[in-house]
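Spelled out, the chains give:
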Amino acid sequence: MRQSQLLIPTLKENPADAEVISHRLMLRSGLIRQLASGLYTWLPMGLKVIRRIETIVREELERSGVQEVLMPVVQPAELWEETGRWAKMGPELCRLKDRHDRDFCLGPTHEEVITDLFRREVQSYRSLPVNFFQIQTKFRDEVRPRFGVMRAREFTMKDAYSFHLDQACFDATYKEMYDCYSRILTRMGLDFRAVQADSGNIGGDNSHEFHVLAQSGEDTIVFASDGDYAANLEKATAAPPPARSESTEALQRLATPGVRTIEQLVEFTGVEAHRCLKTLIVAGDNGPVALVLRGNDTLNDIKAGKLEGVASPLRMATDAEVRSAVGCAPGSIGPVGLKLPTYVDHYAASVADFVCGANENDVHLTGANWQRDVPLPDASIVDIRTAQEGDPAPHGQGTLRFLRGIEVGHIFQLDRVYSAPMNAAVLDPDGNSIVTIMGCYGMGITRLVAAIIEQNHDDNGICWPEPLSPYDVHVVALNYERSESVQKAANDIEAHLTAAGYSVLLDDRGERPGVKFADADLIGLPHRITVGERGLKEGTVEYRKRTDSDNRNVPVNGVVECLRG
RNA sequence: CGGGGCGUAGCGCAGUCUGGUAGCGCACUUGACUGGGGGUCAAGUGGUCGCAGGUUCAAAUCCUGCCGUCCCGACCA
């Protein structure tokens with residue numbers, strides 16, 4: 001392809017609106033242009049990358065026995081009403097009406113549509129298991145689109161859905177998909193981690209996210225220093241704390257005027273934060289609920305939101321609610337004598353002789369102890385703290401370490417959440433109607449483009465991994481327009497490379513060499529062949545890998561061999 | 001949705017405080033020179049100053065409202 005004929009609008013300067021490196025480079029190298037917040041046009045080079053990603057994804061999914069379909073973007077409200085999501089989904093579900101005033105939405109996901117397809121077309125256990133995928137546009141009216149295509153409102157997703165008669169069958173497919181995702185990301189040359197994840201409001205223990213490691217990642221992922229434990233921070237848990245030691249202090253009241261925060265309490269009492277317990281009041285299904293944590297811990301609201309009786313999503317009680325429920329202001333609350341349903345974090349439960357609020361303004365208790373001063377039923381001990389770096393890892397696997405990651409894939413068990421209300425059932429061998437178990441497997445195609453760039457760039461631009469590059473080879477012809485020898489040599493090389501199966505971008509523009517080199521680095525094709533009169537006199541051209549810093553002279557007719565070697 | 005920025009030529013910005021001819025760099029067009037890491041000179045093209053209303057002899061500039069967009073906190077591929 002002639003570069004002079006391609007729309008590759010490179011930018012010399014960083015666009016003011018782009019913050020993260022991948023977003024900047026995608027704009028600067030002419031991969032995308034923004035249309036509106038969270039909406040992007042993919043230019044020729046960007047689309048090439050998407051196509052190559054899709055090819056890898058397709059090949060591996062088909063290898064895993066998943067069959068491709070394509071469902072509509074626009075979906076009728078009736079299906080969403082069947083599962084209750086028409087009412088449950090907030091404004092992120094973009095709703096619209098057709099000319100007959102019927103309700104539709106832009107699909108943010110396709111569980112309803114695929115389940116509807118399945119129940120209409122599949123009736124026998126003999127057809128199971130079955131797994132469908134599509135690569136298709138999704139629309140989610142995100143609260144805050146950001147970082148370019150990393151979190152866009154309209155984006156391309158590969159989503160797959162499987163149907164099973166029983167759990168064992170599902171487990172096998174889940175494992176297959178886990179391996180499939182690992183193969184896909186490995187083929188792309190990405191440094192990634194599969195981590196245990198929170199499964200959102202779906203439930204079920206089977207849930208893994210696939211994260212591409214990058215500083216700009218929106219998620220914190222936690223892994224064990226000496227083992228294979230890895231989880232999203234939302235889900236991560238530390239090893240249980242050591243058993244509580246014996247109480248040694250007597251319970252005492254302590255006037256603490258003006259002390260509201262743990263920091264102030266530590267300052268005032270001289271007791272370390274991990275022995276000062278904080279009590280948070282959150283909204284519950286039947287009135288407020290108290291949550292007790294160590295002073296040096298922070299609440300994990302995902303974990304807390306799942307507790308029985310606690311409102312989900314989690315909401316902190318207002319000052320007024322706290323006053324009427326506890327009788328004092330936030331800052332002086334404590335578990336002793338508290339007349340509210342109470343959950344105690346397992347680390348807080350392991351503390352003896354602790355300091356806490358006395359449920360009376362400006363008063364705290366010291367030397368407080370579980371069981372002696374306040375009951376601690378086993379059922380109230382839960383894990384609601386956010387794991388900290390350095391915590392002991394579960395199963396004795398060393399300590400917990402943190403990394404940042406970009407979530408590019410998520411696989412999980414849907415169980416019968418959709419199949420039951422929509423009655424996606426088949427007949428088993430005995431003629432019984434069995435509601436199927438479903439699995440769901442997502443991968444963000446357009447987000448992958450950004451993630452790949454986050455991991456493959458340098459100060460000068462993108463460094464495309466070979467399997468994903470928009471073109472394989474960049475032939476940079478210097479003085480192409482005016483030098484017949486350069487023109488002929490460049491054209492010949494392009495022809496030879498093409499015949500050998502390489503895709504070629506030939507820079508035939510009338511730009512000066514400096515401009516061409518700068519653009520070549522920015523665009524970042526993995527291989528660059530520089531054709532100039534200087535070398536041609538010696539019968540050579542120059543080869544340079546994008547990630548190398550030096551050129552290598554190769555004979556004009558030895559370019560294909562050079563790339564193969 | 002709460003907090004904070006920003007909207008002036010395709011891109012990056014100055015001008016706004018203190019109202020008075022709409023500017024700079026890059027890009028783009030033409031010509032000349034140049035020709036291996038974003039070159040030089042010359043001449044050009046391109047702007048309802050986000051939108052609407054108001055104040056004023058006069059508004060990019062002051063006032064009001066709205067819109068767009070980005071960043072920081074609750075959702076998700």
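Residues numbered from 1 in each chain as written. Chains lettered and ligands numbered in written order. Predicted model: local features only at pLDDT ≥ 70, side-chain atom pairs only at ≥ 80, totals over all residues. Heavy atoms only, no water.

Engineer: Can you explain the confidence of the model for chain A? Please cite residues and give values.
Structural biologist: Put simply, chain A has an average pLDDT of 94, and 99% of its residues get 70 or more. Reported confidence for the predicted complex is 0.94 by ipTM and 0.94 by pTM. (pLDDT = per-residue confidence, 0-100.)

Engineer: So what's going on with the pairing of strand S10 (residues 207-213)? Which residues, and what values?
Structural biologist: Across the 7 residues that make up S10, a large majority, 7, are buried. By the alternation rule, side chains of S10 split into Ser207, Glu209, His211 and Leu213 and His208, Phe210 and Val212, which are all buried. Both strand S9 (residues 192-196) and S10 contribute to a ladder of 5 bridges, which runs antiparallel. Within the sheet, the bridge partner assigned to Phe192 lies in S10 and is Val212. Here S10 runs beside strand S20 (residues 400-415); their pairing, made up of 7 bridges, is antiparallel. Residue pairing across strands places Ser207 opposite Phe412, the latter belonging to S20. (Buried < 20%, exposed > 50% of the residue type's maximum accessible area, 1.4 Å probe, protein only. Helix = DSSP H or I, 4+ residues; strand = E, 2+ residues; numbered from the N terminus. Pairing = 2+ DSSP bridges.)

Engineer: Pulling in residues and values, what's your account of the protein's contact with RNA strand B?
Structural biologist: Near RNA strand B lie 48 residues; those nearest to it are Arg144, Arg482, Arg512, Asp521 and Glu542. Sugar and phosphate atoms form 42% of the subset of RNA strand B atoms that lie within 4 Å of the protein. One of the side-chain N or O atoms of Arg140 is found 2.7 Å from a sugar or linking oxygen in RNA strand B. Among the secondary structure elements, those contributing two or more residues to the surface near RNA strand B are strand S1 (32-36), strand S8 (154-164), S20, helix H12 (513-523), helix H13 (533-536) and strand S29 (540-545). (Near = heavy atom within 4 Å. Polar contact = N/O pair within 3.5 Å; in protein donor to acceptor, adjacent residues only side chain to side chain.)

Engineer: Lay out the sheet that holds strand S6 (residues 103-106) in plain terms, naming residues and giving numbers.
Structural biologist: The 3 strands lie next to each other as S4-S6-S5, forming an open sheet whose pairing is antiparallel. Bordering the open sheet on either side are strand S4 (74-76) and strand S5 (95-97), each of which pairs with just one other strand. Going across the sheet, the axis of each strand differs from the next one's by a mean of 40 degrees, ignoring polarity. As judged from the 3 bridges shared by S4 and S6, these two strands associate in the antiparallel manner. Counterpart to Gln75 in the pairing with S6 is Cys105. (Axes fitted to C-alpha atoms, helices over the stretch in contact; angles between N-to-C directions.)

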